[in-house]
Amino acid sequence: MSQPTVTRSDADGVATLTLQQPALTSRLRTELLAAVREVSADAAVRAVVLTGTGRAFCLGQDLTEHAEVLRRGAADSLGVVEAEYNPLLLALAAVPVPVVVGVNGACAGAGLGLALAGDLRVAAAGAKLSTAFAGIGLSSDSAVAARLVHCVGGSRATELLLLAEPFTAETAGGWGLVHRVVPAEQVHAAAQALAARLAAGPTAAYRAVKTVLATAGTDPLAETLALEARLQAELGASADHREAVEAFLAKRPARFTGH
């Protein structure tokens, strides 16, 4: 049996999903979707790391595989966007715990979409990122347009998508697209440390934060306020909230359980 394209390892409440190849083949998309759904359903997982191997994080669609489909004259050669990419991005967005992406190297196209689907990103110094789509005569997929507009605004998103020029991790850091830039050999350790910190935190509160952020940019203010009020009421009755208050008064670290 061939080696898996995605591997999973677990330690201290952190599930690490590692892409074992840089190109998004159909098999990798299928295996990654299954892995994301598994960690989402695993109550023992309190944070997730998504990263790659070697000199690239993810370069997007495997063009060799895609070219074979085009040569067969397939009229719906990009039907995979709806059939495979969209379910994967929706599954990543639905992960209830914090997701830290370790961008260990080059990141382009749908690979950029995967990186932006995480909550926090740690990138290798000097790593090149690109939207890439226009360079091969395409628009965008994997929610890249939506994520860029949300993160850097419409004007810069337009430039990045139309010109498709590579930009460095350092530039991305200045824009807020990535949250930590570290030497390449430290990416995995830094991503793990950040995920471990989150795994030890109030994961029920983190889940609520993700819920609010998912719609805060588009919902009317009244709806956001109502959602916040409902979630705060639920969290106010949680063991984690009571523990955090008692810990603060006792001047000791809180011990969160996620309940």
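J.: If you had to explain the overall build of the chain to someone new, which residues and values would you point to?
T.: Scanning the chain from N- to C-terminus turns up eleven helices and ten strands. Each principal axis of the C-alpha distribution contributes one length, and for the chain these read about 65 × 45 × 35 Å. Of all 259 residues assigned to the chain, the portion counted as buried reaches 42%. Sequence separation of at least 24 residues holds for 67% of the intrachain contacts in the chain that already meet a minimum separation of 6. Positive and negative side-chain charges in the chain, numbering 21 and 24 respectively, have mean positions lying 5 Å apart.

J.: I'd like to hear about the packing of aromatic side chains, residue by residue, with values.
T.: Within a pair of aromatic rings, the relevant descriptors are the distance that separates the centres and the angle that separates the planes. Evaluation of the coordinates by the stated rule reveals one aromatic pair. Judged by centre distance (5.2 Å) and plane angle (45 degrees), the ring pair of phenylalanine 167 and tryptophan 175 falls under tilted. Look at phenylalanine 167 and you get buried, because its relative accessible area is 6%. Overall, the relative accessible area of 22% leaves tryptophan 175 in the partly exposed class.

J.: Hey, could you go over the sheet that holds strand 8 (residues 128-130) for me, with residue numbers and the actual values?
T.: Sheet strands associate in pairs through backbone hydrogen bonding, adopting either a parallel or an antiparallel arrangement. Strand order in the open sheet formed by four strands is 4-6-8-9, with mixed pairing between adjacent strands. Unpaired on one side and paired on the other, strand 4 (56-58) and strand 9 (167-168) mark the two borders of the sheet. Here strand 8 pairs with strand 9 via two bridges, running antiparallel. The residue bridging leucine 129 from the neighbouring strand is phenylalanine 167, located in strand 9.

J.: Let's hear about the nonpolar core: which residues, and what values?
T.: Among the nonpolar cores identified, the biggest contains 62 residues, and Leu19, Leu32, Phe57, Leu114 and Leu148 are the most heavily contacted of them. When residues no more than four places from it in sequence are discounted, the contact partners of leucine 32 are Val6, Leu17, Leu19, Leu50, Leu88 and Leu114. Core analysis: the second largest hydrophobic core is formed by six residues, Ala204, Leu227, Leu231 and Leu235 among them.

J.: Hey, could you go over the pairing of strand 3 (residues 47-51) for me, with residue numbers and the actual values?
T.: For a regular strand, the rule is simple: side chains alternate between the two faces of the sheet. Summarising burial for strand 3: five of the five residues are buried, a large majority. Burial along strand 3 is two-sided: the face carrying Ala47, Val49 and Thr51 and the face carrying Val48 and Leu50 are both buried. As paired strands, strand 2 (residues 14-19) and strand 3 are joined by five bridges and run parallel to one another. Bridged to threonine 18 within strand 3 is threonine 51. The handedness of the strand 2 to strand 3 crossover, carried by helix 1 (residues 26-41), is right-handed. Of the pairings in the sheet, the one linking strand 3 to strand 5 (residues 99-103) comprises four bridges and is parallel in character.

J.: Describe in detail the environment of arginine 29, supporting the description with residues and values.
T.: On the secondary structure map, arginine 29 appears in helix 1. By relative accessible area, arginine 29 is classed as buried at 3%. Separated by 55 residues in the primary sequence, arginine 29 and glutamate 84 place their C-alpha atoms 6.8 Å from one another. Not counting chain neighbours up to four residues away, the residues in contact with arginine 29 comprise Leu24, Gln61, Glu65, Val80, Glu84 and Tyr85. Polar contacts involving the side chain of arginine 29 include one to the side chain of glutamine 61, which spans 3.5 Å.

Conventions we followed
Residues numbered from 1 in each chain as written. Predicted model: local features only at pLDDT ≥ 70, side-chain atom pairs only at ≥ 80, totals over all residues. Heavy atoms only, no water. Helix = DSSP H or I, 4+ residues; strand = E, 2+ residues; numbered from the N terminus. Buried < 20%, exposed > 50% of the residue type's maximum accessible area, 1.4 Å probe, protein only. Contact = heavy atoms within 4.5 Å. Lys, Arg positive; Asp, Glu negative; His and termini not counted. Charge placed at Lys NZ, Arg CZ, Asp CG, Glu CD. Phe/Tyr/Trp six-rings, centres within 6.5 Å; stacked < 30°, edge-to-face > 60°. Pairing = 2+ DSSP bridges. Core = buried A, V, L, I, M, F, W, Y, C linked by side-chain atoms within 4.5 Å. Right-handed = clockwise from strand over helix to strand, strands pointing away. Polar contact = N/O pair within 3.5 Å; in protein donor to acceptor, adjacent residues only side chain to side chain.

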